[in-house]
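Breakdown of the fold
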Amino acid sequence: MEITALSISLILSLGLCELNSALALNVSSARVSSEAESAKCKLQGTTRLPVFSVDGDYVIGGVFSQHVNMHTVKHNYTYMPEPLRCKGRIKPRELRFSRAMIFAIEEINNSTELLPGIRLGYQIYDSCASVPVVVHVAFQLSNGLDPVFYTGDNCSQSGKVMAVVDGPGSTSSISMSRILGPFNIPQVSHFATCACLSDKQQYPSFFRTIPSDQFQADALAKLVKHFGWTWIGAVRSDSDYGNNGIASFLAAARREGICVEYSEAFHRTNPRSRIQRVADVIRRSTSMVVVAFTSNAEMKILLEVLSQEPFPPRQWIGSEAWVTDPDMLSFSFCAGAIGFGIERSVIPGLRDFLLDLSPSKVAASPLLTEFWEDVFNCRLKKSAVTNERVCDGSEDIKTLQNPYTDTSQLRITNMVYKAAYAIAHAIHNAVCQERKSTTHCHKFTRIESEEVLMQLKKVNFSRNGYDVLFDGNGDPVATYELVNWQKTKSGNVEMVTVGHYDASLPVGQEFRINRNLTWVEGSTRVPVSVCSDSCPPGTRKVLQKGKPICCYDCLPCPEGEISNATDSSDCFPCLKEFWPNAERDTCLPKPVEFLSFNEVLGIILAAFSVGGACLAMITAAVFYCHRTSPIVRANNSELSFLLLFSLTLCFLCSLTFIGAPSEWSCMLRHTAFGITFVLCMSCVLGKTIVVLMAFRATLPGSNVMKWFGPTQQRMTVVSFTFIQVIICTIWLVLNPPFPMKNLTTYKERIILECALGSAVGFWAVLGYIGLLAVFCFVLAVLARKLPDNFNEAKLITFSMLIFCAVWITFIPAYVSSPGKFTVAVEIFAILASSFGLILCIFAPKCFIILFKPEKNTKKHLMSKDQS
């Protein structure tokens, strides 16, 4: 609101012609009509005099912040305000900029190729780094009146400004563009970087030789990402430059996954407490990296406040406005700072021009006089008021170590130089013509600033090896140098170029770092600035409640899932046949598990299986050797040998359950088991029936044995076995067992097993065996008390008790046993029942045969049991 009121008062104080109110009402008109030119003009108010000015055929305006402050003016709106006056010391760097513009114009005037025969003039003003002064100067430049060369009542045309080189800053450029834009007066800035100025709808006449902050913001975000910093702080100037620049940076940072702990704004005119609060925020922060998007004036004030109290080391990332300012290198605690700056350049002859300041030349310019007296601490003229030393002529500017004379870091200076040349080329294209390889320029050609504006859009030239052209937004190609503040052996801080950035290159190739960097506190290791340490592979990120996405906890991946990348936001499951390793960062093939001959359990079961088969064969051998003895012949020796043969097969069939299942082994193991056990039960059943029939045959008049002789016994065994063969055949034909990978029992390993195919077939085979066992057990129980000294029915009863107990226990054990233990349970049941049969039926007989031969007689066997 203050600036608005001040602007109104400024309009009233400007040197406007008392023509017609149409000029004020119709601001879109380019110039006053020819009738108005002949009218009498009267300058109103107080005009600002330029600090440097030279008349010419065409005049270029210039605005620089030679001073950093201005006297405060209080307005009561009852009388005309006092003229705005600058105060404070002269900024040598800004003086170099304005002198570089003069050097460029004089170089152009002496050129035989660019604007030959035409002399350019200039009007350079001091803005005092103040927006009101800039507005005042902008209105004055747009009037077309030269306050220096204005000589009479008629409006002079000598002061008509073709274009303006503008550079105080983005806020000043925005204010000036609002005024110059409607008059189509081109404005070429060497210092205003706000991305908002690329909007041609609002700023149609604005151009710049310095890249837009949009490019710098993108470059800074990529730089932060390049070094792995995801947790940063941000400070900015509370101005168009800082606010728009940091907004572009934060948007680019979010795209790169970077989080900002704090973002503080301040201005050099803020109270000390405000700046102290920003400094305290930096001190208390946990982020190591601070991105400062400020002007050099604000940054200097902030660093002065920070230097008053110790604070944790911080890695500074600077915008070009301050990180390439040599004056800032005095803050040694910022050593290690990095940032982007305008590329260094060489301007031949500029240094000699800057040093060509004799006392007479200095005395002719109030600004140079002030500068001379300030840097040499003397007065050119003796003052009656003060007793300061009078300059004696021994002062030599060549011995001065000052930003004005320092041409080793010509960055912004080159932007001023290119801006002046760009305007000159635009004027050249408007007034000059090429004829037979010679250039003819008409110095009396009247051109409007609008023509210069149109030609500026087309300029494309090279000067001192630097290309100058503008895109559709009035921006140049964005190229930067990456600079690093490094401490020398003497302890001083110097600015070193360590890389380059070219926004025109393909994505990912913009950076080129060509030498080592030094970091905060002189370290050669890249500092770490993260809210949370990176989550290693095998973990996933879980955001902390109420904090940015860069603050998270690392949780191990759930069972069966992995993450194989750092900072993974999620874990993903392994394929069915794979399982995570212990670190859960890779999927490994699940170990395949089956009952193997190589493991202890498999070896033990195989040993018992082979041992049982050997025992059956040894028993058969004993029986064969004593086949004529009564105890062998007592109960159908043929069935005994067949039973021993079937028991041998029962022992051996358990071996088919050991080893990796295959299609054939799966079909063989169940069918062999079912058929051999039915053969075994058939033999036992036959022996039981023989015992019953034998005792029935001893009764008077009994002729039962002729119905159950050897032939009938063989048929019984074959019949019962054939039924099992039929069941197994149907099972194998319809839905046979097959090998399968069991992925459900255990998550971390694969069980290789034989699927039943048809559960009905399996339980039919097992049920048929059980049916024969129960039938045999019932008959044996009936015959257990028959009178005989050696009643085989008792032995069969015991064997059937063991058999039934084993297989009744087998059912729940088989169902509940996991993995390979299911197979082990089945093998154990086969071996246990087989050993039960061979031990209960044949062990007593072998004992008598081998150790009690006296009882192996027909008389003893047929005698009654006396006990």
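Described below are features of the structure shown in this document.

**As for the overall build of the chain**
The secondary structure content of the chain amounts to 25 helices and 29 strands. Contacts in the chain between residues at least 24 apart in sequence constitute 70% of all its contacts with a sequence separation of at least 6. Roughly 39,900 Å² of accessible area belongs to the chain as shown, and the carbon and sulfur atoms make up 58% of that amount.

**Focus on a nonpolar patch on the surface**
A contiguous nonpolar surface patch, about 620 Å² in accessible area, is contributed by Val718, Phe722, Ile726, Ile730, Val733 and Leu734. Position of valine 718 among the secondary structure elements: in helix H21 (residues 710–734).

**Section: the environment of lysine 443**
Tracing the chain through its elements places lysine 443 in the loop between strand E15 (438–441) and helix H16 (449–456). You can call lysine 443 partly exposed: its relative accessible area is 36%. Residues lysine 443 and valine 431 lie 12 residues apart in sequence; the distance between their C-alpha atoms is 7.6 Å. The contact partners of lysine 443, leaving out residues within four places of it in the chain, are Asp57, Tyr58, Gly117 and Ile118.

**Remarks on the state of the cysteines**
When the sulfur atoms of two cysteines share a covalent bond, that bond is a disulfide. If you walk through the whole model with that rule in mind, you get 10 disulfides. Disulfide pairing is shown between cysteine 666 and cysteine 754; the S-S distance is 1.9 Å. Taking the sign of the torsion about the S-S bond as the criterion, the disulfide between cysteine 666 and cysteine 754, at about -80 degrees, is left-handed. Residue cysteine 666 is found in helix H20 (residues 663–697), and its partner cysteine 754 is found in strand E29 (residues 750–755); the two are separated by 88 residues along the sequence. Since its relative accessible area comes to 0%, cysteine 666 is described here as buried. Overall, the relative accessible area of 13% leaves cysteine 754 in the buried class.

**Notes on the sheet that holds E29**
Note on sheets: strands pair through backbone hydrogen bonds, and any given pair is parallel or antiparallel. Read from one edge to the other, the open sheet built from 3 strands follows the order E27-E29-E28, with strand pairing classed as mixed. The strands lining the two open edges of the sheet, one partner per strand, are strand E27 (592–593) and strand E28 (738–742).

**Focus: the packing of helix H4 (residues 92–109) against helix H15 (residues 412–431)**
Look at H4 against H15: their axes get within 9 Å of each other, and the N-to-C directions meet at 35 degrees. The interaxial crossing formed by H4 with H15 has right-handed handedness. When H4 is examined against H15, the residues Arg93, Arg96, Phe97, Ala100, Met101, Phe103, Ala104, Glu107 and Ile108 are found in contact with a partner set consisting of Ile412, Thr413, Val416, Tyr417, Ala420, Tyr421 and Ala424. Tallied by class, the residues present in the contact of H4 with H15 amount to 12 nonpolar, 1 polar and 3 charged.

Thresholds, definitions, all that
Residues numbered from 1 in each chain as written. Predicted model: local features only at pLDDT ≥ 70, side-chain atom pairs only at ≥ 80, totals over all residues. Heavy atoms only, no water. Helix = DSSP H or I, 4+ residues; strand = E, 2+ residues; numbered from the N terminus. Contact = heavy atoms within 4.5 Å. Areas by Shrake-Rupley, 256 points an atom, 1.4 Å probe, with all protein chains shown as cover. Patch = residues over 30% accessible without salt bridge, like charges linked within 9 Å, V, L, I, M, F, W, Y side chains within 5 Å. Salt bridge = Lys/Arg side-chain N within 4 Å of Asp/Glu carboxyl O. Buried < 20%, exposed > 50% of the residue type's maximum accessible area, 1.4 Å probe, protein only. Disulfide = S-S within 2.5 Å. Pairing = 2+ DSSP bridges. Axes fitted to C-alpha atoms, helices over the stretch in contact; angles between N-to-C directions. Left-handed = near helix turned anticlockwise from the far one by under 90°. Nonpolar A, V, L, I, M, F, W, Y, C, P; charged D, E, K, R; others polar.

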